[in-house]
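Coordinate analysis (summary)
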Amino acid sequence: MYTDLFYALLNRGNARGHPILSAMLYSFCPSAARWWLAGADPTPAFDPVWKSMQDLASGKTLLEYLVEYGFDGLVDEIRNYIREVEEYRSHHPMQAPELMPLFRGGKIPAGRRFGSQNAINHLGGDWRNLFIYIRTWAFLSQDWRIGMRIERDAGYILSGEKLLLTLPFTRLPVQFDAWVWKVPVGHVMETKIGLMVSSMEQDQLRFSLMKRCSSSDNRPWQNTPTVFALDRETGETNHFDQTLSDKDLERVVQSLSNLAKNGPHPPLNAIRQPSICKKCGYQHLCFEKNFISPYALSTL
């Protein structure tokens, strides 16, 4: 799920048609780039992992948010789920064992959901999102922290920040959301930047641009940030494994940006991997009654 990319498209501080965003979007899907450059705004799917991280970084507690959203009547079930995951992990020393089919936790009977529709609407209206939200807060975020070698008592600060993506030929930077851990090391702050991925696939354009990013206030970093891939399902963490060289990055962005403007714009994801389309902010434009729309296919 490319929540960060769609948020960047909706950010009014970013110019429509910016070459960096055009290139990133064309790399994601040519049809999506076509819609954006034609003036259509995306409608991002609700992302419970992203929402959980936003709330976690705010400084409030999980209980405070559960009560605020209206889940106070289900607090015991949620606490029980956390205990179940903790116990299951203690007996299965592997990465995210609670994802295995044999784990039976994370369910709320239909009868217990009665009267909580307003609450679940805060989490996209889907009850499955509740336990993704809880699991991200209680477990995934800690798996990522451990994977980045940040001690629990290190005095670190977690924040969601709009970092600046720049290249020499672009006049204005792109504001791009990322998760930032700042860890005190001696007299300086060590910065670790996390980008969410699925199946640990590191899309080279997004990661290569983030490796060259500037801070939100455009001040020099005290230490060069380290960029990590954060698997949004398993909680695995890996350093960025760069295969697109820095010397080629500017040329690649310019080439992809030109393709975004001039085409072709085939709906590659819809043809190749339609599961990606279910989380795409332009799905409603590319599909009609579960079929790829004729207009989306018109560039073929």
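The text that follows walks through the structure, step by step, so that each part is easy to find.

Rules used in this analysis
Residues numbered from 1 in each chain as written. Predicted model: local features only at pLDDT ≥ 70, side-chain atom pairs only at ≥ 80, totals over all residues. Heavy atoms only, no water. Helix = DSSP H or I, 4+ residues; strand = E, 2+ residues; numbered from the N terminus. Buried < 20%, exposed > 50% of the residue type's maximum accessible area, 1.4 Å probe, protein only. Polar contact = N/O pair within 3.5 Å; in protein donor to acceptor, adjacent residues only side chain to side chain. Contact = heavy atoms within 4.5 Å. Expected span 1.5 Å × (residues − 1). Arc of directions from axis to C-beta. Patch = residues over 30% accessible without salt bridge, like charges linked within 9 Å, V, L, I, M, F, W, Y side chains within 5 Å. Areas by Shrake-Rupley, 256 points an atom, 1.4 Å probe, with all protein chains shown as cover. Salt bridge = Lys/Arg side-chain N within 4 Å of Asp/Glu carboxyl O. Pairing = 2+ DSSP bridges. Axes fitted to C-alpha atoms, helices over the stretch in contact; angles between N-to-C directions.

Things to note about the side chain of glutamate 98
- If you trace the backbone, glutamate 98 turns up in the loop between helix H6 (75–91) and helix H7 (117–121).
- With a relative accessible area of 7%, glutamate 98 lands in the buried category.
- Polar contacts involving the side chain of glutamate 98 include one to the side chain of arginine 135, which spans 2.8 Å.
- Leaving out residues up to four positions away in the same chain, glutamate 98 has contacts with Val85, Tyr88, Arg89, Phe103 and Arg135.

Description of H6
- Taking 1.5 Å of rise per residue, 17 residues should cover 24 Å, and H6 covers 25 Å from first to last C-alpha, within 8% of that figure.
- Among the residues making up H6, those that are buried are Val75, Ile78, Tyr81, Ile82, Val85 and Tyr88. Along the long axis of H6, the arc covered by the buried residues comes to 160°, so they all point the same way. Facing away from the buried side of H6 by more than 90 degrees, the exposed set consists of Asp76, Ser90 and His91.
- Close packing links the buried residues of H6 with helix H5 (62–69) and helix H8 (128–147).

With respect to a nonpolar patch on the surface
- Where nonpolar side chains cluster on the molecular surface, the patch consists of Ile271, Leu297 and Leu300 and spans about 290 Å² of accessible area.
- Considering the arrangement of structural elements, one finds leucine 300 in the segment after helix H14 (294–297).
- Note on leucine 300: relative accessible area 62%, which makes it exposed.

As for helix H4 (residues 48–57)
- When H4 is considered as a whole, its buried residues turn out to be Pro48, Val49, Trp50, Ser52, Met53 and Asp55.
- Buried-residue contacts for H4 involve helix H1 (3–10), H5, H8, strand E1 (157–165), strand E2 (174–185) and strand E3 (188–197).
- A distance of 3.1 Å separates the backbone nitrogen of valine 49 from a side-chain oxygen at the start of H4, and that oxygen is part of aspartate 47.
- Phi turns positive, to about 100°, at glycine 59, one or two residues after H4.

Structural notes on the sheet that holds strand E5 (residues 237–239)
- If you walk across this open sheet you meet the five strands as E1-E2-E3-E4-E5, and the pairing is mixed. Looking at the sheet topology across the chains shown, the edges are occupied by E1 and E5. Pairwise comparison of adjacent strand axes, ignoring direction, gives a mean angle of 40° for this sheet.
- Direction of pairing for E3 relative to strand E4 (residues 226–231): parallel, over a ladder of six bridges. Bridging from a neighbouring strand, valine 197 pairs with aspartate 231 of E4.
- Sheet contacts for H1: E2 and E3; angle to E2, the most-contacted strand, approximately 125°.
- Running at roughly 35° to E5, H8 makes contact with E3, E4 and E5 of the sheet.

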